[in-house]
Every structure is written in C-alpha cells, then in structure tokens.
Amino acid sequence: MRRLTPVLLVLGGATVLGAIAWWWITFEEVVGYGYLSWREAGGCLVQNSDICSLAKALCLGSHPRVLLAYWASVFWLGVIVLSASLLASERAKAAQ
C-alpha cells in the first residue's frame, strides 16, 4: 500500500494536468475568437455539453481534429485517482 500511494498521486496529478493542458489547447482559441467566454469554456473542462461541442466545431480550422476531441471525463478520472491516493495514504497511516 505504501508504494501505491505515490504512484497514484503522480498518475492522478499527471492526468489532471494533462486534461487541463488538453482543454487549454482546445479552448484557448475558442475564447480568443469570442465563441465562448472564459467562464463558459471553463465549464467545458469538467463537463461535455452541446455548447462545448458547438464551440469546438466552430474552431475546426485552427486545430488538428485530434486536439478538438477533448474529453472532460479525463479530468474526472484524474480527480478519482488523486482521491484514491489520498484514501490510500490515510489507510496506510491508520494501519500503522
């Protein structure tokens, strides 16, 4: 359990940071062109919605298709793994 905690922490942190970077690459220009406000684009970080899909479709010309396929579930997977690392850490402390 002790070795698992740092692995989960690094994996979860990297996943969350990767999701934020992927979101930024996708939505920076969407906001720049005025398709969405930063607040609306921020919602696309944590959930997929029709407005997010529409904004990504409007920005097709400036991004490769692969980058436009941002998937908000990646962010939540990272949060789950980070939470698991905290839970494993607490369990390890309680077992001592």
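Fair warning: this is a prediction, and the values are worked out from it, not measured in the lab. (Residues numbered from 1 in each chain as written. Predicted model: local features only at pLDDT ≥ 70, side-chain atom pairs only at ≥ 80, totals over all residues. Heavy atoms only, no water.)

Some words on the overall build of the protein chain
- Summing up its helical and strand segments, the protein chain has 5 helices and 0 strands in all.
- Taking the intrachain contacts of the protein chain between residues at least 6 apart in sequence as the baseline, contacts between residues at least 24 apart amount to 70%.
- Total accessible area on the protein chain is roughly 6200 Å²; 67% of this is exposed by carbon and sulfur atoms. (Helix = DSSP H or I, 4+ residues; strand = E, 2+ residues; numbered from the N terminus. Contact = heavy atoms within 4.5 Å. Areas by Shrake-Rupley, 256 points an atom, 1.4 Å probe, with all protein chains shown as cover.)

A closer look at the nonpolar core
- Formed by 17 residues in total, the largest nonpolar core has its most connected members in W23, F27, L36 and Y70.
- Looking at this core element by element, the count peaks at 6 residues for helix α1 (residues 4-32).
- When residues no more than four places from it in sequence are discounted, the contact partners of Y70 are A19, W22, W23, T26, F27, C44, L45, N48, K56 and F75. (Core = buried A, V, L, I, M, F, W, Y, C linked by side-chain atoms within 4.5 Å. Buried < 20%, exposed > 50% of the residue type's maximum accessible area, 1.4 Å probe, protein only.)

Points about a nonpolar patch on the surface
- A surface patch of nonpolar side chains, amounting to about 500 Å² of accessible area, comprises Y33, Y35, I51, L54 and L58.
- Along the chain, Y35 turns up in the loop between α1 and α2 (38-46). (Patch = residues over 30% accessible without salt bridge, like charges linked within 9 Å, V, L, I, M, F, W, Y side chains within 5 Å. Salt bridge = Lys/Arg side-chain N within 4 Å of Asp/Glu carboxyl O.)

Focus on helix α3 (residues 50-58)
- The set of residues buried in α3 consists of C52, A55 and K56. Considered in projection along α3, the buried side chains sweep an arc of 100° and stay on one side of the axis. (Arc of directions from axis to C-beta.)

Concerning the packing of aromatic side chains
- Across all of its chains, the model carries 6 aromatic pairs by this definition.
- Both rings, one in Y33 and one in Y35, keep their centres 5.9 Å apart while their planes meet at 40°; by these two values the pair is tilted.
- A relative accessible area of 51% places Y33 in the exposed class.
- Summarising the aromatic geometry, the rings of F75 and W76 are spaced 5.2 Å apart at their centres and angled 80° between planes, so their arrangement reads as edge-to-face.
- Taking the relative accessible area as the measure of exposure, F75 reaches 12% and is therefore buried.
- Note on W76: relative accessible area 41%, which makes it partly exposed.
- Following the ring pairs from residue to residue traces out a cluster consisting of W23, W24, F27 and W38. (Phe/Tyr/Trp six-rings, centres within 6.5 Å; stacked < 30°, edge-to-face > 60°.)

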